[in-house]
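Reading the structure
Chain by chain, the residues run as shown.
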Amino acid sequence: MSNFFNVIGARLASAHASQVPESRSKIFHCRCGQTVFFGNTHCVACGAQLGFETDRGELLALTPVAQQMAGDMSGNVMGNGLSTDTWRVSDQPDGPTYRRCANLISAAMCNWLVPADDPQAFCLACRLNRTIPDLSLLGNPARWHKLESAKRRLIAQLLTLGLPVDAASSVGKGGLAFDLVGPEADGTLPLTGHDEGLITINVLEADDDYRARLREAMHEPYRTLLGHFRHEIGHYYWDRLVRDTTWLTRFREVFGDERRDYGEALRTNYENGPPEGWALEYISTYAACHPWEDWAETWAHYLHMMDTVDTALSFGMTTHVIEPDYVSFTRDVLVDPDAPDAQEFLDLVNTWVELTGVLNELSRSMGQRDFYPFVLPHKVVGKLQFIHRVVKEKSLALDREK
């Protein structure tokens, strides 16, 4: 899946030519032809079981191996050692075999697949969990379901981008782990954050009313579960892709010096608010408090942009049937205007701006808040390009290693 950048580039070219792009990998179909979606566990039209296969990045219709080959259907294990919960992709009778993630039958309702010879009971996304919510507490099963749905979408996107996703054998060793936890017995709330590969999410963030109260109290224009995951994973990838790499010097030129006292920066932000003129350089007030948070906030918006534009283009959407009054960004806003893919990146950003303009109007037509309540200043577009270059370089490096 590390050819994502070629795919989205082809989609952009097709959209600009007012053609439906040939590659439509964001659209999934059951074997019966019914359109199915990322979170589906079965097809509502024909009842076929579905599973998400991480190497292909596709939601696939499944057929039990027991229906494809002779065996004893009366027991849990066939004579060839394959469990009756062993599956193949419906159109590949001689293809690899899979099991479904053990969390399929839990509140998480995970629809991801595990290779049949993998000793792990859980899929890649679920095995990243170090702690899950206490499911004996009222409301936690539903919260966990929402958290896992957002986390699976995040992990799937990271894999599509060609980024490394490694489960942590121990925190601080370069791996990734999640603590999905609620308030302590005395009511103390966990702090959502990142620490050397361990991402902690307060499970109450899965409650819409709780999230809305915090958003209003903190004067935020936007607050979602997926946004939390994307922000915190940004800290993790700063450690892996920037810290201790040749990118660090350039990072400090673009985002600022991260060696500045982080605790003091947060205190200043909460006590005094953002600096005057912050909107000319940052995507949010929180981004203005410290270079680490600027990176994480901008990283989250990069993931928002890449996923939403890719989804829209893969469905054949184009904004070129309208005449919006937008002035397109040009190369002078980029931190590396001479990069080989500079124009392609500008096309991506300009498509994003046009798309969000349309989606904001559609949201207003339904009486809803703006789909994307942000403005991209020139400095932020340059920061987005820096992140794009870092991600693309890592993706290509991992591809060469295969």
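Numbering of residues starts from 1 in every chain and runs along the sequence as written. Where local features are concerned, this predicted model is filtered to residues with pLDDT of at least 70; where side-chain atom pairs are given and counted, the filter is 80 or more; whole-chain, interface and lining totals use all residues. The side-chain numbers reported here are obtained from all heavy atoms of the structure, hydrogens and water having been left aside.

**Structural notes on the overall build of the protein**
In DSSP terms, a helix is any run of H or I states spanning at least four residues, a strand is any run of E spanning at least two, and both are numbered starting from the N terminus. If you tally the helices and strands in the protein, you get nine helices and 11 strands. The proportion of buried residues among the 402 residues of the protein is 48%. We call two residues contacting when some pair of their heavy atoms lies within 4.5 Å. Considering only contacts in the protein between residues 6 or more positions apart, those separated by 24 or more positions represent 59%. Values of accessible area rely on a 1.4 Å probe in the Shrake-Rupley scheme; residue burial ignores everything except the protein chains shown. When the accessible area of the protein is evaluated, it comes to approximately 19,600 Å², of which 52% is carbon and sulfur surface. Each residue is assigned to one of three classes by its accessible area relative to the maximum for its type, calculated with a 1.4 Å probe on protein chains only: buried under 20%, partly exposed between the two thresholds, exposed over 50%.

**What to know about the side chain of Asn 140**
Its place among the elements puts Asn 140 in helix α2 (residues 140-160). A relative accessible area of 6% means that Asn 140 is categorised as buried. Excluding anything up to four places from it in sequence, Asn 140 contacts Pro 133, Asp 134, Leu 135 and Val 203.

**Side note on unusual backbone geometry**
The phi dihedral of His 219 is positive, around 55°, even though this residue is not glycine. Here His 219 lies in the loop between α3 (208-217) and α4 (225-241). Residue classification places His 219 among the exposed residues on the basis of a relative accessible area of 70%. At Asp 244, a position not held by glycine, the phi torsion is positive, near 65°. Topologically, Asp 244 is positioned in the loop between α4 and α5 (248-255). Overall, Asp 244 belongs to the exposed group, its relative accessible area being 70%.

**With respect to the sheet that holds strand β6 (residues 98-100)**
As a general point, the strands of a sheet are linked pairwise by backbone hydrogen bonds and lie either parallel or antiparallel. Any two strands with at least two DSSP-identified bridges between them are counted as paired. On the basis of which strands lie adjacent, the open sheet formed by five strands has the order β3-β4-β5-β6-β7 and antiparallel pairing. Looking at the sheet topology across the chains shown, the edges are occupied by β3 (50-53) and β7 (113-115). Taken over all neighbouring pairs, the strand axes of this sheet differ in orientation by 55° on average, direction set aside. Two strands pair when backbone bridges link them, and β6 and β7 are joined in this way by three bridges, in the antiparallel orientation. For Arg 99, the partnering residue across the bridge sits in β7 and is Val 114. Here, axes are lines fitted to C-alpha atoms. For helices the fit covers the stretch in contact, and angles between N-to-C directions go from 0 to 180 degrees.

**What about the packing of aromatic side chains?**
Any two rings among Phe, Tyr and Trp, with Trp reduced to its six-membered ring, count as a pair given centres within 6.5 Å; such a pair is stacked if its planes are under 30 degrees apart, edge-to-face if over 60, and tilted if neither. Under the defined criterion, the tally for this structure stands at 19 aromatic pairs. Their ring planes at 75° and their centres at 5.1 Å tell us that Phe 38 and Phe 52 sit as a pair that is edge-to-face. Of this pair, Phe 38 sits in the loop between β2 (35-36) and β3 while Phe 52 sits in strand β3, and the two are 14 residues apart along the sequence. For Phe 38, a relative accessible area of 13% puts it in the buried group. Its relative accessible area of 4% is what places Phe 52 among the buried residues. Linked through ring pairs, Tyr 236, Tyr 237, Trp 238, Trp 247, Phe 251, Phe 255, Tyr 262, Trp 292, Trp 295, Trp 299 and Phe 386 together constitute an aromatic cluster. Two conditions define a charge located above a ring, namely a distance within 6 Å from the ring centre to NZ of Lys or CZ of Arg, and an angle within 35 degrees of the ring normal. A cation sits over an aromatic face here: Lys 151 above Phe 178, 5.4 Å from the ring centre.

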